[in-house]
Amino acid sequence: MRTEVRRLEGEADTLRSDTEHLIEVEERLAIARGERTETQARCESLARTVSEAERLLAESAQATARAQAVALDASDARRTADAVATDDDALRAADAVRGLAA
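This is a predicted model, so every value here is computed, not measured. (Residues numbered from 1 in each chain as written. Predicted model: local features only at pLDDT ≥ 70, side-chain atom pairs only at ≥ 80, totals over all residues. Heavy atoms only, no water.)

## Digging into the overall build of the protein
Argument step 1. On a plain count of helices and strands, the protein comes out with 2 helices and 0 strands.
Argument step 2. Expected size for 102 residues packed as a compact globule is a radius of gyration near 13 Å; at 42 Å, the protein overshoots this value by more than 25%.
Argument step 3. If one aligns the C-alpha atoms of the protein with their principal axes, the spans along those axes are about 135 × 20 × 10 Å.
Argument step 4. Each of the 102 residues in the protein was classed as buried or not, and the buried ones make up 0%.
Argument step 5. In the form shown here, the protein has an accessible surface area of approximately 8900 Å², with 60% of it arising from carbon and sulfur atoms.
Argument step 6. Within the protein, the 22 negative side-chain charges are centred at a point lying 3 Å from the centre of the 15 positive side-chain charges. (Helix = DSSP H or I, 4+ residues; strand = E, 2+ residues; numbered from the N terminus. Rg over C-alpha atoms; globule rule 2.2 N^0.38 Å. Buried < 20%, exposed > 50% of the residue type's maximum accessible area, 1.4 Å probe, protein only. Areas by Shrake-Rupley, 256 points an atom, 1.4 Å probe, with all protein chains shown as cover. Lys, Arg positive; Asp, Glu negative; His and termini not counted. Charge placed at Lys NZ, Arg CZ, Asp CG, Glu CD.)

## Concerning the pattern of salt bridges
Argument step 1. Tallied over the full model, the rule gives 6 salt bridges.
Argument step 2. Across the pair Arg 55 and Glu 52 runs a salt bridge, and its minimum N-O distance is 2.4 Å. Placement of both Arg 55 and Glu 52 in helix 1 (residues 2-86) is noted, with a separation of 3 residues, approximately one turn of the helix.
Argument step 3. Judged by its relative accessible area of 39%, Arg 55 is partly exposed. (Salt bridge = Lys/Arg side-chain N within 4 Å of Asp/Glu carboxyl O.)

## Topic: a negative patch on the surface
Argument step 1. Taken together, Glu 20, Glu 24, Glu 26 and Glu 27 make up a surface patch of like negative charges.
Argument step 2. Among the structural elements, Glu 27 can be located in helix 1.
Argument step 3. Take Glu 27: its relative accessible area is 48%, and that puts it in the partly exposed class. (Patch = residues over 30% accessible without salt bridge, like charges linked within 9 Å, V, L, I, M, F, W, Y side chains within 5 Å.)

## What to know about the environment of Gln 62
Argument step 1. Within the fold, Gln 62 resides in helix 1.
Argument step 2. Residue class for Gln 62 comes out partly exposed when judged on its relative accessible area of 46%.
Argument step 3. A C-alpha to C-alpha distance of 70 Å links Gln 62 and Thr 14, two positions 48 residues apart in sequence.

## Some remarks on the environment of Arg 79
Argument step 1. Of note, Arg 79 is situated in helix 1.
Argument step 2. Each C-alpha atom of the pair Arg 79 and Asp 89 lies 17 Å from the other, and the pair is 10 residues apart in sequence.

What follows is the structure in structure tokens.
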């Protein structure tokens, strides 16, 4: 009978130890779940930030392309103006137009 009592007491001690361990594991699990939720929220925020950055980069690239096109047009206009200003026939025609306007 004493042997059976000791055996049962041993099992009870083991169960108490297992229960304590299980409680500790459950506490760590709760902490890990909270950290996972926080991490997921940060990841979602980061994804939104990356999407916004990509959109802004695309807009910047489009603006740069438009600025280059405007600069090219301005360069073409300067070349045309320079060509007209140095063209003797154009200068004579301009003088004639000024003479008529006077």
